[in-house]
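Fold and contact review
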Amino acid sequence: MRSYLYTIMLTAGLAAMLPKTANASVNQPLMTTAADDTKVTMTVAQSTVVVEGAMGYTLEVVSITGRPVMKVKIESPSQRIDLNIPKGCYILKIDKVVRKVSIS
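Nothing here was measured: the structure is a model prediction, and the numbers come from that model.

Each value, and the rule that gives it
- Residues numbered from 1 in each chain as written.
- Predicted model: local features only at pLDDT ≥ 70, side-chain atom pairs only at ≥ 80, totals over all residues.
- Heavy atoms only, no water.
- Helix = DSSP H or I, 4+ residues; strand = E, 2+ residues; numbered from the N terminus.
- Buried < 20%, exposed > 50% of the residue type's maximum accessible area, 1.4 Å probe, protein only.
- Areas by Shrake-Rupley, 256 points an atom, 1.4 Å probe, with all protein chains shown as cover.
- Pairing = 2+ DSSP bridges.
- Core = buried A, V, L, I, M, F, W, Y, C linked by side-chain atoms within 4.5 Å.
- pLDDT = per-residue confidence, 0-100.
- Contact = heavy atoms within 4.5 Å.

Bringing the overall build of the protein chain into the picture now. Scanning the protein chain from N- to C-terminus turns up 1 helix and 9 strands. Secondary structure elements of the protein chain, listed N to C terminal, follow the sequence α-β-β-β-β-β-β-β-β-β. Each of the 104 residues in the protein chain was classed as buried or not, and the buried ones make up 31%. When the accessible surface of the protein chain is summed, it comes to about 6600 Å², and 56% of that surface belongs to carbon and sulfur atoms.

It is worth spelling out the pairing of strand β4 (residues 48-52) at this point. As judged from the 5 bridges shared by strand β3 (residues 39-45) and β4, these two strands associate in the antiparallel manner. Counterpart to Val 44 in the pairing with β4 is Val 49. Direction of pairing for β4 relative to strand β7 (residues 78-82): antiparallel, over a ladder of 5 bridges. When the sheet's bridge partners are listed, Thr 48 is paired in β7 with Asp 82.

Of all residues except glycine, most have a negative phi; of all peptide bonds, most are trans. You will see that Gln 46, though not glycine, has its phi angle at about 55 degrees, which is positive. For Gln 46, the position within the fold is in the loop between β3 and β4. Of note, Asp 95 is a non-glycine position whose phi angle comes to about 55 degrees, a positive value. You can see Asp 95 is positioned in the loop between β8 (88-94) and β9 (97-103).

Counting 19 residues, the largest nonpolar core has Met 42, Val 51, Leu 59 and Leu 92 as its most contacted members. Going through the elements one at a time, β3, β4, β5 (58-63), β8 and β9 are the ones with two or more residues in this core.

To continue, consider the pairing of strand β6 (residues 68-73). Along a regular strand, successive side chains alternate from one face of the sheet to the other. Here 5 bridges tie β5 to β6, and the two strands are oriented antiparallel to one another. For Thr 58, the partnering residue across the bridge sits in β6 and is Lys 73. Here β5 folds back onto β6, and the loop between the two strands holds 4 residues, one of which, Gly 66, carries a positive phi near 100 degrees.

Turning next to the confidence of the model for the protein chain. Do not read the fine detail of predicted coordinates wherever pLDDT is low. In the predicted model, the protein chain carries a mean pLDDT of 79, and 63% of its residues have values of at least 70. Within the protein chain, β5 carries the highest mean pLDDT (96), whereas strand β1 (residues 22-23) carries the lowest (46). Overall, residues 20-26 carries pLDDT values under 50, and its contacts beyond four positions in sequence, including any with other chains, amount to 16 contacts.

Encoded structure:
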């Protein structure tokens, strides 16, 4: 029981430190600068992610509990990726760019 409570408190603390959630139904671009000063843009719409400016990097999708869900190599300057994953909150990571999103 004690370890269960510790896990919940740790997860809540980590979630509080993550950037704001982007609602997947809003289709709002999430832009940030990667380590080499290129603009990386992730646009989430329902269960599709459009990644721009991340050619050569890998998109990692991780569940909110920390379980790796999928990895996709970005092979073009603008790539559309269909996420065949259940509804829920996930963490998208490209290089040092990390975003928390809600897939609906």
